[in-house]
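Residues per chain are reported as follows:
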Amino acid sequence: MKRYSASGVLVAMSMAMLVGCGGSSGSSQDIVPSVTMSIISSAPDQVSGGDVRVGLHGEDNVLSSLALRLNGESAATDVLVQDEGLLEGLVSGLVPGDNLLEVVHPQYGVLAEETLVNHAITGPMFSGPQQYPFVCMTERELGIQPLVDDGATEGFPVLDDEENVIGYSRDCSIEPYIEYWYRTTGNAYAPLPGDGSRPADLATTTLLDGREVDFIVRWERGTINRFIYSYAMLATLDEANENPGALDADLWNGRLLYRFQGGVGIGHSQGRVDRDRRALHPEVLGLGYAIAYSTGNRTGEHYNLELGAETALMVKEHFIKRYGAPLYTVGLGASGGGIQQYMYAQNAPGLIDAGVPVQAYTDMVTQTIHIGDCELLEHYMDVTDADNEKWHTTTNRSWLVGLHATDNVPDPMAQAKQLLNDLAGTSYGIAPGSTECIESWRGLTPLALNPHFGSVREQEKMEPPTLMADVHWTHTDDLVNIYGRDDTGHARSLFDNVGVQYGLQAFLEGNITEDEFLDLNAEVGGWKHPSEMVQEGFPFIGSMGDVQADPSRFDPWSRRNMNLSADDMPAPRTEGDVLAMNAAYDSGMVFKGHADIPLIDWRPYLEEVLDMHNVHQSFAVRQRMLDAVDHHDNQVIWFTDARGTEGNVFDQTPMALAVIDEWMANIRENPELSTFENKPAAAVDSCFDNDGELIAAGETVWNGILDAESAGDCTATFPIYTTSRIVAGAPIQGDFFKCALKPLETALTDGTYGDWAPDGDQIARLEAIFPDGVCDYSQPDVGRP
C-alpha cells in the first residue's frame, strides 16, 4: 500500500549539522548554534509551484543572522511570521526537480539543509501520466477561459472576442483570483458590491469565540493539478474595500475544513464546483473555519483516489503557503466524500487530522464486487426465472441481492415491462416494488464496466471532434495507471464471480428449494470482457418509442453484455484479473482498516427509501479496522432516523464537528495520551431520532452486528441489510475480489449445505456449475497480494 506524506502532523525536520563549513572562523572550542529547519507546507519531496513555506527555530540572536541559500545562490524569501524563537518565510525560485535549501550562518556556515523536490503546479506528483483527453470546465463553472498551452494543437479550444480559436488548452489552467461575497439575510450568497457600499441584506454570524461579525467571504479560486480549487474564509468589509487580497486571517479560527464530495465519475473532466453546500458551506464558514475544496476531490468526476490524494495534498500545501499551518484539518463529505476521508487517513497520513465521513462506504472498488451482481440477479428474477411467483413478491428479492426491497418504492420499469408483455409477447417478471439494486444502483454497472457507455459535459467542444472517440469509459480505464492494460488494450478488470454460490443463505434458510438454488447458479452468468461489450439499450440509450418499434432495445439489466447460456450448459462466470486486484491493494485503492485519526461516521437511516448508502457499510468499515489493528477506538458510529422525514433529514454534522473540535483540543492538551484516551464523552456510538434527539449511546448500542451478543438499543431500532456476496457466504467486510476455491467434495461434507444430501444427479449438476470448486471464505482473498 502506498502512503503519501503530508504537512501538518508530519513535518519534515532537518536538524542542524554540527559542523562548520565555508568560511568558519571560530575556534574548535566554539559552540555551534542549534537551528532546526522545518518544511511546513508539504513533505520535502512533494513541493509544487516553485515555492515552499519554511520555518526556522532557534535563539533569536542566531535567527537574526541566518541566511537561506537555494541551489548555491541567495534564496528569495518573504518573511511571513516572526516570533520568539521562530521565523517563517516563503522561499521562491525553486527549479523543477531537486533543489538544495541550506541555512547558512555567517560564522559557522551551513547549519541545516534539506533537499526539496519541486513539481509543476499542474501536476502530477506521484499519480503517473495525466489522463488525456481532459475537458476544461473553467469557462462553464467560473466564466473564465483556460490559458493556452504552448505548442498544443488540439484539446479544449480557447477563443478570442470574435469567437475565433487562438489556441488550445490541455491543462485547463487559469490564474488564481479572489472575489468577495456575502451571506444575505435570506440565506443565500451574493457578490459584494464593488462600490464599497454595505449591502442592506448583509447577514451576521457568530464565531466560535463568541464575536458577532459580518458574514463576508474572501473566495479564492484557481487551478491546481488541473482541477479547480477553492479557498474560502471570512473577511472584513474594510479588507474587501480598502485592501482586497490582503489575506487578513483575523477572523479565521485556525481550523481548516477540507470539503470532500461524492458521486460516481469516470474521469476526463476538470469537474464542477458545488458552491453553496460545499465550497462555501455556510454553517462551517460562519463559525470562522476556512474551507478548502477541489473538483479533483469530487468523486462524481473521477474515482482515482491516488490522484485525489495528490490533489488534496497540493491544495492544502498552497493553502498553508498563504495562511500558515492550521490548528488542525478536519474532513467532511458524504458518500464518495466519506470514502475519501477513510482512504486518505490510510494513504496520506497528516492530510486530515480528523474526519466526519457521512454515508461512507469502505471504498469504491470493493463496492463493485456485490453491485456487479445486482443486474445479474435482477435479470435472473425478471427474465430467466420470470415464471417463479416468488420473485413477484418484492421483499423476496432480498433473498438473493441481500439489499433491502420494498413495495413502498415502485419499480420504474414495471409499466414498460407490462406494456411489452402485452404488446410484444414478452414474459418479464413483475414485482410491484423495487430493490436497492433497481432504485439506486441501476446504470452504475454499465457506467463502471462498459467502455462504450459514458460521456462528460462540454466534450462536444473538444477539437478535433473525434478526440473523445477512443475513450474507454470504465472505472478501470480511469485508473489505468494503477491497473495496467491487458492484451486487448483495455484496462485490466476486477469483477470476478467464479465459485460464488448465489442465494446460499436463502437456500439454507429454506426460502428457495434445492432445484431453485441449482437453477440460479447455473443460469445467473457473468459479465463479458470490456472488449466484447456493446452500447447499452433503453432506458440508458434511446426512448420508449424506440422500444415499441424494436422490443429488443429494452434492456435495463444490460443483458446484451452478460455471459448467458444458450443451451443446457451452465452460463459462464466472469474471471477477474488478479494483477488488477493486486494493484488495487498495493496502490491503496482498497481500505484495509488503517485510519488512526478521530472519525465520527454519521449516517442518516434511509433504508426505507432504498437509498444507495446502505447502512451496513459503517460496520464493514469497522470490521476492517478490527481486522487490521484489533480495535476501532477512534471510530464512532452515529445513525439519525430519517424515516418519515420526506427528505428533511436532521443534520447531525454541526454536532459532529463540535465533538471533533473538543476531541482535537484534548489531543493538543494531552499529547501523551492516545486518541482513544482523549475522547470526549460525546464521542461514543449513538443513534438519534428524527429531530436529532438521542435515542441511545454507549459501547453496546450496536451489539449484535459484528458479534454474537443480543441486539443493542440502536441495532434493535435500525434494521440492517446485507449484500449478494454476504448471502453467498462472504463476511461483512466485503473485500473478497476473488475467493479461494475448495473442492466440491469438501463442500459436500463440511457443512456448507447444511443437512442437504444431494443425490447423484444434483451432485453432477453442481460439478458442472462449479468445475473448479466453490468459494471458501475462510481463506484470504486470492486478489490480495
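Preceding block: the structure.
Engineer: Can you walk me through the packing of aromatic side chains in this structure?
Structural biologist: Geometry of an aromatic ring pair is reported as the spacing of the ring centres plus the angle between the planes. In the structure shown here, the tally under the stated rule is 33 aromatic pairs. Ring centres 5.6 Å apart and planes at 90° place the aromatic pair Phe554 and Trp557 in the edge-to-face group. Across the pair, Trp557 and Phe554 agree in class, each one buried. Here the aromatic rings of Trp638 and Phe688 are separated by 5.4 Å at their centres, their planes lie at 70°, and the arrangement is edge-to-face. Taken as a pair, Trp638 in strand β28 (residues 635–641) and Phe688 in strand β29 (residues 686–688) lie far apart in primary sequence, 50 residues in all. Across the pair, exposure class does not vary: Trp638 and Phe688 are buried alike. Over the ring of Trp219 we find Arg221; its NZ or CZ atom is 3.5 Å from the centre of that ring. Of note, Arg226 hangs over the ring of Phe134, and the distance from its end group to the ring centre comes to 3.7 Å.

Engineer: It is not clear to me how unusual backbone geometry should be interpreted in this structure. Could you clarify?
Structural biologist: The phi angle of most residues is negative, glycine excepted, and most peptide bonds adopt the trans form. The omega torsion across Gly123 and Pro124 is -5°, close enough to zero to call that bond cis. For Pro124, the location among the structural elements is in the loop between β10 (109–119) and α2 (138–142). With an omega dihedral of 20°, the bond running from Phe538 to Pro539 counts as a cis peptide bond. Position of Pro539 among the secondary structure elements: in the loop between β25 (526–527) and α17 (544–549). Even without a glycine there, the phi angle at Asn225 is positive, about 55°.

Engineer: Any chance you could explain the sheet that holds strand β9 (residues 97–105) here in plain terms?
Structural biologist: Each strand in a sheet pairs with its neighbour through backbone hydrogen bonds, running either in the same direction (parallel) or in the opposite one (antiparallel). Strand order across the open sheet formed by 5 strands is β3-β10-β9-β5-β6, with mixed pairing between neighbours. Each end of this open sheet is capped by a strand with a single partner; those strands are β3 (47–48) and β6 (73–74). Across 2 bridges, strand β5 (residues 67–70) lies against β6 in antiparallel orientation. In the sheet register, Leu70 faces β6, and the bridge partner there is Glu73.

Engineer: Got a minute to help me understand the sheet that holds strand β19 (residues 255–259) in this structure?
Structural biologist: Taken together, the 12 strands give an open sheet; going across it, the order is β14-β13-β17-β18-β20-β19-β21-β22-β27-β28-β29-β30, and neighbouring strands pair in mixed fashion. The open sheet terminates on both sides in strands that have one partner only, identified here as β14 (189–191) and β30 (694–697). Pairwise comparison of adjacent strand axes, ignoring direction, gives a mean angle of 20° for this sheet. Pairing of β19 with strand β20 (residues 290–294) involves 3 bridges; the strand directions are parallel. By the bridge assignment, Leu257 is partnered in β20 with Ile291. Running over the sheet, helix α19 (residues 616–629) touches β27 (599–605) and β28 and is turned about 170° from β28.

Engineer: Can you walk me through the state of the cysteines in this structure?
Structural biologist: Considering all chains together, one arrives at 4 disulfides under this definition. Disulfide pairing places Cys374 opposite Cys437 at an S-S distance of 2.0 Å. Judged by the sign of its S-S torsion, about -70°, the cystine formed by Cys374 and Cys437 is left-handed. Remark: Cys437 occurs in helix α11 (residues 436–441) and Cys374 occurs in helix α8 (residues 367–384); sequence separation between them is 63 residues. In this structure, Cys374 and Cys437 share a single accessibility class: buried. There is a disulfide in this structure between Cys687 and Cys714, and the S-S distance comes to 2.1 Å. Sign of the S-S torsion, about -85° for the bond between Cys687 and Cys714, identifies this disulfide as left-handed. Residue Cys687 is found in strand β29, and its partner Cys714 is found in helix α21 (residues 713–717); the two are separated by 27 residues along the sequence.

Engineer: Explain empty space enclosed by the protein here, please?
Structural biologist: Regions of empty space are outlined by a rolling probe, equal in size to a water molecule, passed over the atoms. Applying the stated criterion to the full structure yields 2 cavities of 30 Å³ or more. Each pocket or cavity is described by its volume, and for the largest cavity that value is around 150 Å³. As for the largest cavity, its lining consists of 23 residues, and the residues nearest its centre are His370, Thr723, Arg725, Gly734 and Asp735. For the lining of the largest cavity, the secondary-structure elements that each account for two or more residues are α8, α19 and α22 (724–727). For the lining of the largest cavity, the leading source of residues is α19, giving 4 residues. Here the lining of the largest cavity is composed, by residue class, of 11 nonpolar, 9 polar and 3 charged.

Engineer: Please explain the pairing of strand β8 (residues 86–92) as it appears in this structure.
Structural biologist: Two faces make up the sheet, and in a regular strand the side chains alternate between them. Judged by how many residues are buried, β8 sits mostly within the fold: 6 of 7 residues are covered. In this sheet, β8 lies alongside strand β4 (residues 51–57) in antiparallel orientation, the contact comprising 7 bridges. Its bridge partner lying in β8, Asp51 is registered against Ser92. When strand β7 (residues 76–83) meets β8, the two strands line up antiparallel, connected through 7 bridges. Within β8, the position partnered with Val79 by the bridge is Gly89. Between β7 and β8, which pair antiparallel and follow one another directly, the connecting turn spans 2 residues, one of which, Gly85, has a positive phi of 75°.

Rules of the game
- Residues numbered from 1 in each chain as written.
- Predicted model: local features only at pLDDT ≥ 70, side-chain atom pairs only at ≥ 80, totals over all residues.
- Heavy atoms only, no water.
- Phe/Tyr/Trp six-rings, centres within 6.5 Å; stacked < 30°, edge-to-face > 60°.
- Buried < 20%, exposed > 50% of the residue type's maximum accessible area, 1.4 Å probe, protein only.
- Helix = DSSP H or I, 4+ residues; strand = E, 2+ residues; numbered from the N terminus.
- Lys NZ or Arg CZ within 6 Å of the ring centre and 35° of its normal.
- Pairing = 2+ DSSP bridges.
- Axes fitted to C-alpha atoms, helices over the stretch in contact; angles between N-to-C directions.
- Contact = heavy atoms within 4.5 Å.
- Disulfide = S-S within 2.5 Å.
- 1 Å grid on protein atoms, 1.4 Å probe; cavity = no way out; pocket = protein on both sides within 12 Å on 5 of 7 lines; lining within 4 Å.
- Points joined across faces, edges and corners; volume = space filled by probe spheres on them.
- Nonpolar A, V, L, I, M, F, W, Y, C, P; charged D, E, K, R; others polar.

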